[in-house]
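This is what each chain is made of:
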Amino acid sequence: MEILIALLALSAITNIQGNPLGFKPNIVILLADDLGYGDVGCYGNTTLRTPNIDALAQDGVKLTHHLAAESVCSPSRAAMLTGRYPIRAGLVATNRLRVNMFIANYVGLPDNETTIAELAKTVGYKTALIGKWHLGLSKEHYGDNKFHPMNQGFDYYYGHILTNMKDFSREGDRLETLHDRYTKEGVQFLEERSKDNNPFLLMMSYDHTHTAIRTSERFRGKSKHGRYGDAVEELDDGIGEIMTALDRFGFGRNTLVYMTSDNGAHLEESGVNGEVDGGSNGIFKGGKAHGAVDGGIRIPGIFRFPTVLPSNIVIDEPTMQLDTFTTFANLIGAELPKNVQIDGKDLMPLLKRKRSQTPHQFFYHYCGDILQAARYRPKSGNKVWKLVYETPDYLPGQNRCTFACMCFQSIKLEEPLLYEMVSDPGEENPVNLKDHMKIVQIIQEAVKKHKESIQPVPLMMTWYKGLWRPNMQPCCNFPYCNCKDPVHQS
Ligand SMILES: *[C@@H]1O[C@H](CO)[C@@H](O)[C@H](O)[C@H]1NC(C)=O
Ligand SMILES: *[C@@H]1O[C@H](CO)[C@@H](O)[C@H](O)[C@H]1NC(C)=O
């Protein structure tokens, strides 16, 4: 008897060590594309209907100062998947190429980076990516598929490798059913897990609300904000279906759901007939592709995990999206990669309210390979400082560029600007530098140390790697290359 108890106790300890909760939680990531902070009901939008996202916040923790590592997709997504500033992987713009533009080139998330999906697999998780990837396909030659999601940790993949783009869409085409197809795929993945009982990581990487914007008939013309609003509402509906499926298959309570967007809304985006195709970043300045201004990087961030996290709480402490890498890894009992600088920090103590402050003191804000600003959260008080070195080359009198701001065209300030982000979230009133020299000095020192920590790596987004190569182009139907979806015929 004693031996049995001792064994049981031992196994309990081992369990806890490998796995802090004593069970293997599932993880569902709901990632929107270019959805703005100000587009979501629970973040203050009063005219768009997002009841399902709002319910996540109601049942969980809503972060109001959650930051993407970049203001555009490819680097922001790379950071989230690896827990590292994208410059560490070389996946940053040095020229006009801000995101990956083609499938047929050599740009991608380096295959020696460790993704959260790869980590999850080391501890027995089934992993799936449904939707947009935007982190490359082949590395050296056609068909090596080294950057393909299934070679970056995902057991299952359904979606498109690049991104949704304006000219992909014609009236009446299949893009209209894309969102529903993603939902079906996600639900099917959950159903399979209910049969094999494997813990899982499911990443729903939605195309909404990136252009081209096409929604199913159920949502067309239904919102108060044109087709952009329709897309937000369809996105929310799909999220609702995933949540319903989680409950239906009995996963609701042991699953951590994280809802977010890859960067801020794209203010300059409009359709050929002048439709507004970009969303709202609420009170924050600027938007997607604007580098370090908060409109491009302040994103929704909601964590729902009924058995573990409190419900209906709001946390205003600054956090980063790339923190999810470390948070999830610890939660599922996976070992972090060795000899690699990980920037993400475990958010669980903050989310559980075991601690009241963010685990970060400093946050670095890049536009491509340029560090444009740094944020500082002192250990005492409740201020958050942001020191800005470079600002976007905005059109005169406006907080926007022509279509996308270019990092290398940013304005290098002779003297940096210092904002207090809690009292001035819109970055409108820089404080007097001379009165805050201590703060400036602390930030400058942190920036210096951070820069020293960046190891030179091969750059991924060069013109050489980025240009379209006919010999790298996948094509299932030469010479038309207008492939049909083999799974969901419609
Ligand atoms: C709600 O979102 C729409 C679409 O992005 C935007 O036009 C509107 O200003 C937002 N409303 C608020 C209160 O932020
Ligand atoms: C990946 O390989 C490159 C060289 O090709 C190297 O510079 C970089 O440090 C490696 N990254 C990791 C995370 O090992």
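Let me sum up the structure you'll find in this document. (Residues numbered from 1 in each chain as written. Chains lettered and ligands numbered in written order. Predicted model: local features only at pLDDT ≥ 70, side-chain atom pairs only at ≥ 80, totals over all residues. Heavy atoms only, no water.)

Attention shifts here to the state of the cysteines. Applying the stated rule across the entire model yields 2 disulfides. C367 shares a disulfide with C407; S-S distance 2.2 Å. Negative torsions about the S-S bond denote left-handed disulfides, and the value of about -75 degrees found for C367 with C407 makes this one left-handed. Of this pair, C367 sits in strand 10 (residues 362–367) while C407 is found in the loop between strand 12 (385–391) and strand 13 (411–420), placing the two residues 40 residues apart along the sequence. The residue that forms a disulfide with C401 is C405, at a sulfur-sulfur distance of 2.1 Å. For the disulfide bridge between C401 and C405, the dihedral angle about the S-S bond is near 100 degrees, and by the sign convention the bridge is right-handed. Among the residues examined, C405 registers a relative accessible area of 2% and is labelled buried. A disulfide-free cysteine, C73 has its sulfur positioned 13 Å from the sulfur of C407, the nearest such atom. For C73, a relative accessible area of 1% corresponds to the buried category. (Disulfide = S-S within 2.5 Å. Helix = DSSP H or I, 4+ residues; strand = E, 2+ residues; numbered from the N terminus. Buried < 20%, exposed > 50% of the residue type's maximum accessible area, 1.4 Å probe, protein only.)

On to the pattern of salt bridges, then. Considering all chains together, one arrives at 29 salt bridges under this definition. Where K386 meets D294, a salt bridge forms, and the shortest distance between an N and an O atom there is 2.7 Å. Of this pair, K386 sits in strand 12 while D294 sits in helix 7 (residues 294–297); the two residues are 92 residues apart in sequence, bridging distant segments of the chain. Residue classification places K386 among the buried positions, given a relative accessible area of 0%. On the basis of relative accessible area, D294 is assigned to the buried category, the value being 0%. One network of salt bridges, in which partners are shared, links D294, R298, R375, K386 and E427. (Salt bridge = Lys/Arg side-chain N within 4 Å of Asp/Glu carboxyl O.)

A few words on the pairing of strand 11 (residues 370–376). The buried count for strand 11 comes to 7 of 7 residues, which makes it a mostly enclosed element. Two elements, strand 10 and strand 11, share 6 bridges in a ladder whose sense is antiparallel. Bridge pairing in strand 11 places C367 opposite I370. Between strand 10 and strand 11, which follow one another and run antiparallel, lie 2 residues, and G368 among them has a positive phi close to 60 degrees. (Pairing = 2+ DSSP bridges.)

Around ligand 1, the surrounding shell consists of G38, D39, G44, N45, T46, T47, L48, H225, Y228, G279 and S280. Between an oxygen atom of ligand 1 and a main-chain N or O atom of G38, the distance comes to 3.5 Å. Here an oxygen atom of ligand 1 and a side-chain polar atom of H225 are 3.4 Å apart. Contact with the protein chains hides 67% of the accessible area of ligand 1, taken as 360 Å² for the molecule alone. Of the residues belonging to the shell around ligand 1, the class tally is 2 nonpolar, 8 polar and 1 charged. (Near = heavy atom within 4 Å. Polar contact = N/O pair within 3.5 Å; in protein donor to acceptor, adjacent residues only side chain to side chain. Areas by Shrake-Rupley, 256 points an atom, 1.4 Å probe, with all protein chains shown as cover. Nonpolar A, V, L, I, M, F, W, Y, C, P; charged D, E, K, R; others polar.)

Another point: the site of ligand 2. Around ligand 2, the neighbouring residues are R84, N112, E113, V457 and P458. A distance of 2.3 Å separates an oxygen atom of ligand 2 from a polar side-chain atom of N112. When isolated, ligand 2 has an accessible area of 360 Å², and the protein chains bury 50% of it. Its residues placed into classes, the shell around ligand 2 shows 2 nonpolar, 1 polar and 2 charged.

Attention now moves to the pairing of strand 2 (residues 61–67). Extensive coverage of strand 2 is indicated by the burial of 7 of its 7 residues. Of the strand pairs in this sheet, strand 2 and strand 7 (residues 298–304) are connected by 5 bridges, and their pairing is antiparallel. By the bridge assignment for strand 7, L63 is matched with G301. By the bridge criterion, 3 bridges tie strand 2 to strand 8 (residues 313–315) in an arrangement that is parallel. What sits directly across from K62, in strand 8, is V314. Two strands pair when backbone bridges link them, and strand 2 and strand 9 (residues 319–320) are joined in this way by 2 bridges, in the parallel orientation. What sits directly across from L67, in strand 9, is M320.

A cluster of nonpolar side chains, contributed by M101, F102 and W468, occupies part of the molecular surface with about 280 Å² of accessible area. For F102, the location among the structural elements is in the loop between helix 3 (73–82) and helix 4 (116–122). The exposure class assigned to F102 is partly exposed, which follows from its relative accessible area of 33%. (Patch = residues over 30% accessible without salt bridge, like charges linked within 9 Å, V, L, I, M, F, W, Y side chains within 5 Å.)

The next thing to look at is helix 2 (residues 51–58). Of the residues making up helix 2, those classed as buried are I53, L56 and A57. Projection of helix 2 onto a plane perpendicular to its axis shows the buried side chains occupying an angular sector of 100 degrees, all on one side. Next to the buried residues of helix 2 lie strand 1 (26–32), strand 2, helix 6 (226–248), strand 6 (255–261) and strand 7. (Arc of directions from axis to C-beta. Contact = heavy atoms within 4.5 Å.)

Glancing now at the nonpolar core. I29, F303 and L309 are the most contacted members of the largest nonpolar core, which totals 49 residues. Among the elements that make up this core, the one with the highest residue count is helix 8 (residues 323–332) (5 residues). Excluding residues that lie within four positions of it along the chain, F303 makes contacts with G60, V61, L63, L256, V257, Y258, L309, T324, F328, L347 and L351. Of all hydrophobic cores here, the second largest spans 43 residues; its members include C42, I130, L246 and F251. (Core = buried A, V, L, I, M, F, W, Y, C linked by side-chain atoms within 4.5 Å.)

A few words on the environment of G344. As for its position among the elements, G344 is in the loop between helix 8 and helix 9 (348–351). Using a relative accessible area of 8% as the deciding quantity, one classes G344 as buried. For the pair G344 and D323, spaced 21 residues apart in sequence, the C-alpha separation works out to 3.8 Å. When sequence neighbours within four positions are dropped, the list of residues in contact with G344 reads G83, L322, D323 and T326.

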